[in-house]
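# Working through the structure, step by step
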Amino acid sequence: MDTLLIATFEILSFGAIVVLVVLGLGIIASMMGIFNFAQGEFVLLGAYVTYLMHSVGLPVPVGMLAAPVAVGTLGFVLEKLVVRRFYAAPIVAMLGTYALGLIIREAVRGLTGGLYLSVPEPISGSITIGSLHFAAWRGVIVIITLLVMAASHALLAYTSFGLRVRASLENPQLARASGISTGMIYSVTFAFGAALAGLAGALIVPVFSLFADLGIRFLIQGFVAVMVGGVGSFAGPVAGAGVIGTFSAWLPWLMSPVIADVLVFVLAIIFIKFRPQGLVSGRGVNR
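All of the points below concern the structure found in this document.

Criteria and thresholds
Think of each chain on its own: its residues are numbered from 1, step by step along the sequence as written. Given that this is a predicted model, residues contribute local features only at a pLDDT of at least 70 and side-chain atom pairs are listed and counted only at 80 or more, while totals for whole chains, interfaces and linings are drawn from all residues. Only hydrogens and water are set aside; all other atoms, that is, all heavy atoms of the structure, feed into the side-chain values. Segments assigned H or I by DSSP are reported as helices when at least four residues long, segments assigned E as strands when at least two residues long, and all are numbered from the N terminus. The globule rule used here is 2.2 Å times the number of residues to the 0.38 power, and the radius of gyration it is set against is calculated over C-alpha atoms. Only protein chains enter the area calculation, which uses a 1.4 Å probe; residues under 20% of their type maximum are buried, those over 50% are exposed, and those in between are partly exposed. Each accessible area is a Shrake-Rupley result for a 1.4 Å probe, and residues are judged covered by the shown protein chains and nothing else. Under the convention used here, Asp and Glu are negative, Lys and Arg are positive, and both His and the chain ends fall outside the count. Positions of charges follow a simple convention, taking NZ of Lys, CZ of Arg, CG of Asp or CD of Glu. The patches reported here contain residues having more than 30% relative accessible area and no salt bridge. Joining distances are 9 Å for like charges and 5 Å for nonpolar side chains (Val, Leu, Ile, Met, Phe, Trp, Tyr). The working definition used for a salt bridge is a side-chain nitrogen of Lys or Arg within 4 Å of a carboxyl oxygen of Asp or Glu. Two residues qualify as a contact provided that any one of their heavy atoms is within 4.5 Å of a heavy atom in the partner residue. In this analysis, the expected span of each helix is defined as 1.5 Å times one less than the number of residues it contains. Here the bend at a residue is taken as the angle between two axes, fitted respectively to the seven residues that end there and the seven that start there.

## Regarding the overall build of the chain
Looking only at helices and strands, one finds 11 helices and two strands in the chain. The order of helices and strands in the chain, counted from the N terminus, is α-α-α-α-β-β-α-α-α-α-α-α-α. Here the C-alpha atoms of the chain give a radius of gyration of 19 Å, agreeing with the 19 Å that 2.2 N^0.38 yields for 287 residues. Overall size of the chain, expressed as C-alpha extent along the three principal axes, is 60 × 45 × 35 Å. When burial is assessed residue by residue, the chain has 48% of its 287 residues classed as buried. For the chain, the exposed surface amounts to about 12900 Å²; the carbon and sulfur share of it is 73%. On the chain, the mean spot of the 14 positive side-chain charges and the mean spot of the 9 negative ones are 16 Å from each other.

This is the structure in structure tokens:
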């Protein structure tokens, strides 16, 4: 029973991380009709900004607050200068964002010297319940993820900005005819998705440490989660993240982690084969 409870907590904490990555990736995919293959490197940048702030003597929470702002700002600039040129060609967009991610990854590799660097947990220690001990920081990650999900849903569902985003998603031509600046909406949306990835990187760096390939695993899992969940809605990517995050954290308790990763992808491929629209069908992007 104790092992089951600990495994459940591990699944929740890892799933929360995947949700943060996928939430930003899914919003960008649903909004713009492209997959941002630099999303994993935005996670890496969030971790690096947190490490950088800590290395100059600032408290780790300050770095964690700075990370989504810095990564979101970079995402805004990249969308303005590069990404928006690819909207008409989704395949080219995938290659272009992958190239951006490769540049970011190798730049961080050079800055860190290819080393594994550590950042202390802002909240150390464990939560003791009976004979069980749960890492306090992993619990904080779950709570922050739930708050971010709720805030993101409220932003998109109940604000005038969210209304403009949904209008641009449903019918960009009509939105432009109604006076909505879809170009600015796309820039802000891309920046928001990048900021969520930066926040994910900031939260996980005390757990996984900082290394140049940190974002690769989360990019692959995020991409699969979006495909499983479905593009075109808020709930789809979140549902996909929950499924993929659960299996990715649960299966290694039963088998070799390498075999578990392969099995997750095989199951995802089979699911997508028989239900290509995903768990939650969205309206998609109409250009």
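## Notes on a nonpolar patch on the surface
A cluster of nonpolar side chains, Val243, Phe247, Trp250, Leu254, Val258, Val262, Val266, Leu267, Ile270, Phe274 and Leu279, forms an exposed patch at the surface whose accessible area comes to about 990 Å². Those elements giving two or more residues to the nonpolar patch turn out to be helix 10 (235–250) and helix 11 (257–274). The leading source of residues in the nonpolar patch is helix 11, at six residues. Looking at where Val266 falls in the secondary structure, it is placed in helix 11. The class of Val266 is partly exposed, set by a relative accessible area of 38%.

## Notes on the side chain of Thr97
Residue placement: Thr97 occurs in helix 4 (residues 90–112). Looking at Thr97, the relative accessible area reads 1%, which means it is buried. Setting aside residues up to four positions removed in sequence, Thr97 forms contacts with Phe35, Asn36, Phe37, Ala38 and Val83.

## Considerations on the environment of Ser209
As for its position among the elements, Ser209 is in the loop between helix 8 (182–208) and helix 9 (214–229). Separated by 91 residues in the primary sequence, Ser209 and Ser118 place their C-alpha atoms 4.8 Å from one another. If we skip the residues at most four places from it in the chain, Ser209 touches Leu117, Ser118, Ile204 and Leu214.

## Here we look at the pattern of salt bridges
Side-chain pairing between opposite charges can occur once the charged atoms of the two side chains come close. In this structure the tally under the stated criterion is four salt bridges. Between Glu41 and Arg105 there is a salt bridge, with the nearest N and O atoms lying 3.1 Å from each other. You can see Glu41 sitting in helix 2 (residues 39–55) and its partner Arg105 sitting in helix 4, a full 64 residues away along the chain. With respect to class, Glu41 is no different from Arg105; both count as buried. The partner of Glu106 in a salt bridge is Arg109, and the shortest N-O contact between them spans 3.0 Å. Taken together, the residues Glu106 and Arg109, both in helix 4 and three residues apart, mark about one turn of the helix. Looking at Glu106, the relative accessible area reads 38%, which means it is partly exposed. The class of Arg109 is partly exposed, set by a relative accessible area of 27%.

## Points about the environment of Leu95
Relative to the helices and strands, Leu95 resides in helix 4. The spatial distance from the C-alpha of Leu95 to the C-alpha of Phe37 is 7.7 Å, given a sequence separation of 58 residues.

## Re helix 3 (residues 60–81)
Under the 1.5 Å per step criterion, the end-to-end length of helix 3 is 31 Å for 22 residues, consistent within 8% with the ideal 32 Å. Along its length, helix 3 reaches its greatest deviation from straightness, about 25°, at Ala66, and the proline Pro68 lies no more than four positions downstream.

## Observations regarding the environment of Pro122
Mapped onto the elements of the fold, Pro122 is located in the loop between helix 4 and strand 1 (126–129). Of the residues examined, Pro122 reaches a relative accessible area of 32% and is grouped as partly exposed. Between the C-alpha atoms of Pro122 and Ala177, which are 55 residues apart in sequence, the distance is 48 Å. For Pro122, the contacting residues outside a window of four places in its chain are Val60, Pro61, Met64, Trp137 and Pro206.

## A word on helix 4
With 23 residues, helix 4 should reach 33 Å at 1.5 Å per residue; the first-to-last C-alpha distance of 33 Å fits that figure. Restricting attention to buried positions, one finds in helix 4 the residues Ala93, Gly96, Thr97, Leu100, Gly101, Ile104, Arg105, Val108 and Thr112. On its buried side, helix 4 packs onto helix 2, helix 3 and helix 9. Positioned one or two residues after helix 4, Gly113 has a phi angle of 70°, which is positive.

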